[in-house]
Amino acid sequence: MIQHKQLQNGFKYMEINNVYASAKIALQGAHIWAYTPKDKSDLLWVSEASYFEEGKTIRGGIPVCFPWFGKHATDASLPQHGFARTSLWKLVKEVVQADGSTLVRLELRETAQSLKLWPYKFTLTLDVHIADSLSITMSIKNADEKAFEVGTALHTYLHISDVEDVNIDGLQNTSYFDALTQSTQIQKDPLQIDKEIDRVYTVSNRVSMSDKHHTINIEPQGSNTLVVWNPWKKKSASMGDMTKDGYKTMLCLETANAREDVRVVKPQETHVMGVIYR
Ligand code: TA6
C-alpha cells in the first residue's frame, strides 16, 4: 500500500507498507526517513529534534547530497552538501511490483533558483526499491551543452544500539582522508569508534556494520568513497536538531562520490551511483 500524507505544516511524504517492509519518503529532498523490514528493527535513525519543514533538511534518514558533497569548493556561502536535499522533487513513478515489493522514482531538474547556485541543466533521478533489502539508485543526467563535475552522497544515518558497540568490516587496508586532522591515513583493522569521526574512505567493495542487534551489509555501485561520520557529544551539542545523547545511537555510513571521486559527466551522459542495504 502506498499512502500520500502530510504533516500539519504541509510537509509532504509517502508512506509505503508492503509484505517486506515499511518506509517513509519525503518529497522534499527525496528523503527516505524510515525503512523497517518486517519483524526487524529500524535501519535508519532520525533525530528526535529533527525539523520536518520546508527548506530545512531532516536530521537523519538518507539526505541526498548533490551537486557537491560537503562545503562548496570555492564559495563557502553556498549550501553545504548542495541544494537537492532541500529542494522539492517530483514523484514520477510509484509501482507495486508482481513480487509485492514497491518501486518509487523521484526526479529533480534544474530551476531558475538552482541555476543561480549551479549553472547546469540536469535530470537527477532517485529510484528507491523497497523490499527485504533497501536499494537506492541515483542517476545524474547531464542535460546541458557543457560537461559538469558532480559530488554526491547518500548521507545515510544508520540506527545502531550504541556507537561504541559498532564494528565495521571491509575498510581494512584502505586509505582515508581524516577531515578532523586534515591528513591521509591507512585503516589497518576493522573500524571501531570511541570519539568524533569524520573520514572519507577510498573503497568500492562491500562493507558491513555490526552492532548488538544486527549486521547491515552496504553494497555500493558507482562509488569509490564511503564517508564515516559521528559528531560525538561536543559537536552535537552545537547542533540545533540533535538531542543530548542522540549521537550515541546513530552512525553515518555514506556511499559517496567525494574528494578525488567526484565525477565529470559529459553532455547527454549519465552517471549512476547507488547502494543496497541488506
Ligand atoms: O558527511 C560528513 C559531514 O560532511 C560532516 O562533515 C558534517 O558536519 C556532516 O556531514 C553533517 O552535515 P550537515 O550539513 O547535515 O550538518
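Preceding this paragraph is the structure being described.
All values derive from a computational prediction rather than experimental measurement.

## Here we look at the sheet that holds strand β3 (residues 21-26)
Link 1 in the chain: The sheet built from four strands is open, its strands ordered β1-β2-β3-β4 with antiparallel pairing. The open sheet is flanked by β1 (2-6) and β4 (31-37), the only strands paired with a single partner. Looking at each pair of strands side by side, their axes are set apart by 15° on average, direction ignored.
Link 2 in the chain: With five bridges joining them, β1 and strand β2 (residues 12-17) adopt antiparallel strand pairing. Residue pairing for β2: Q3 is matched across the bridge by E15.

## Considerations on the state of the cysteines
Link 1 in the chain: Tallying each qualifying case throughout the model produces zero disulfides.
Link 2 in the chain: C65 forms no disulfide, and the closest cysteine sulfur to it belongs to C252, at a distance of 9.3 Å.
Link 3 in the chain: The class for C252 is buried, based on a relative accessible area of 0%.

## With respect to the packing of aromatic side chains
Link 1 in the chain: Tallied over the full model, the rule gives 16 aromatic pairs.
Link 2 in the chain: Relative to W33, the ring of Y13 lies with its centre 5.3 Å away and its plane at 70°, an arrangement referred to as edge-to-face. Separated by 20 residues along the polypeptide, Y13 in strand β2 and W33 in strand β4 bring together distant segments of the chain. Comparing Y13 with W33, the two get one shared label, buried.
Link 3 in the chain: Aromatic rings pair up to connect F66, W68, F83, W118, Y120, F122 and F148 into one cluster.
Link 4 in the chain: It is K56 that lies over the ring of Y51; its NZ or CZ is 4.2 Å from the centre.
Link 5 in the chain: When the ring centre of F177 is taken as reference, the NZ or CZ atom of R259 above it lies at 3.5 Å.

## Looking at unusual backbone geometry
Link 1 in the chain: The residue after F66, namely P67, is reached through a cis peptide bond having omega 5°.
Link 2 in the chain: Positive phi is not limited to glycine here, since D39 has a value of about 60°.
Link 3 in the chain: Note on placement: D39 falls in the loop between β4 and β5 (64-65).
Link 4 in the chain: The exposed category is assigned to D39, whose relative accessible area is 82%.
Link 5 in the chain: Backbone geometry at H81 places phi at a positive 65°, although glycine is not the residue there.

## Description of the sheet that holds strand β18 (residues 215-221)
Link 1 in the chain: Read across the sheet, eight strands follow the order β6-β7-β8-β9-β22-β18-β17-β13 without closing on themselves; strand pairing throughout is antiparallel. Pairing within the sheet leaves two strands with one partner each, and these edge strands are β6 (90-96) and β13 (167-169). The sheet shows a mean angle of 15° between the axes of neighbouring strands, taken without regard to direction.
Link 2 in the chain: Direction of pairing for β18 relative to strand β22 (residues 270-277): antiparallel, over a ladder of four bridges. Residue pairing across strands places I218 opposite Y277, the latter belonging to β22.

## Some details on the site of the ligand
Link 1 in the chain: For the ligand, the full set of nearby residues is R59, F69, Q80, H81, R85, H155, D198, V227, W229 and E254.
Link 2 in the chain: Between the ligand and Q80 there is a distance of 3.1 Å, counted from an oxygen atom to a side-chain nitrogen or oxygen.
Link 3 in the chain: The side chain of H81 places a nitrogen or oxygen atom 3.1 Å from an oxygen atom of the ligand.
Link 4 in the chain: In isolation the ligand offers 400 Å² of accessible surface; the protein chains occlude 81% of this area.
Link 5 in the chain: Considering only residue class, the shell around the ligand consists of three nonpolar, three polar and four charged.

## Brief notes about the pattern of salt bridges
Link 1 in the chain: One pass over the full model with this rule turns up 11 salt bridges.
Link 2 in the chain: Among the salt bridges present, the one from K56 reaches E53, with a minimum N-O distance of 3.6 Å.
Link 3 in the chain: Residues D261 and R263 are paired through a salt bridge, measuring 2.7 Å at the closest nitrogen-oxygen approach.
Link 4 in the chain: Residue classification places R263 among the partly exposed positions, given a relative accessible area of 21%.

## What to know about the pairing of strand β9 (residues 134-142)
Link 1 in the chain: The buried fraction of β9 is high, at seven of nine residues.
Link 2 in the chain: Across nine bridges, strand β8 (residues 122-130) lies against β9 in antiparallel orientation. Residue pairing for β9: L126 is matched across the bridge by M138.
Link 3 in the chain: In this antiparallel pair of consecutive strands, β8 and β9, the connection spans three residues.
Link 4 in the chain: Bridging between β9 and β22 involves eight bridges; their strand directions are antiparallel. Looking at β22, one finds that K141 is bridged to T270.

What counts and how
Residues numbered from 1 in each chain as written. Predicted model: local features only at pLDDT ≥ 70, side-chain atom pairs only at ≥ 80, totals over all residues. Heavy atoms only, no water. Pairing = 2+ DSSP bridges. Helix = DSSP H or I, 4+ residues; strand = E, 2+ residues; numbered from the N terminus. Axes fitted to C-alpha atoms, helices over the stretch in contact; angles between N-to-C directions. Disulfide = S-S within 2.5 Å. Buried < 20%, exposed > 50% of the residue type's maximum accessible area, 1.4 Å probe, protein only. Phe/Tyr/Trp six-rings, centres within 6.5 Å; stacked < 30°, edge-to-face > 60°. Lys NZ or Arg CZ within 6 Å of the ring centre and 35° of its normal. Near = heavy atom within 4 Å. Polar contact = N/O pair within 3.5 Å; in protein donor to acceptor, adjacent residues only side chain to side chain. Areas by Shrake-Rupley, 256 points an atom, 1.4 Å probe, with all protein chains shown as cover. Nonpolar A, V, L, I, M, F, W, Y, C, P; charged D, E, K, R; others polar. Salt bridge = Lys/Arg side-chain N within 4 Å of Asp/Glu carboxyl O.

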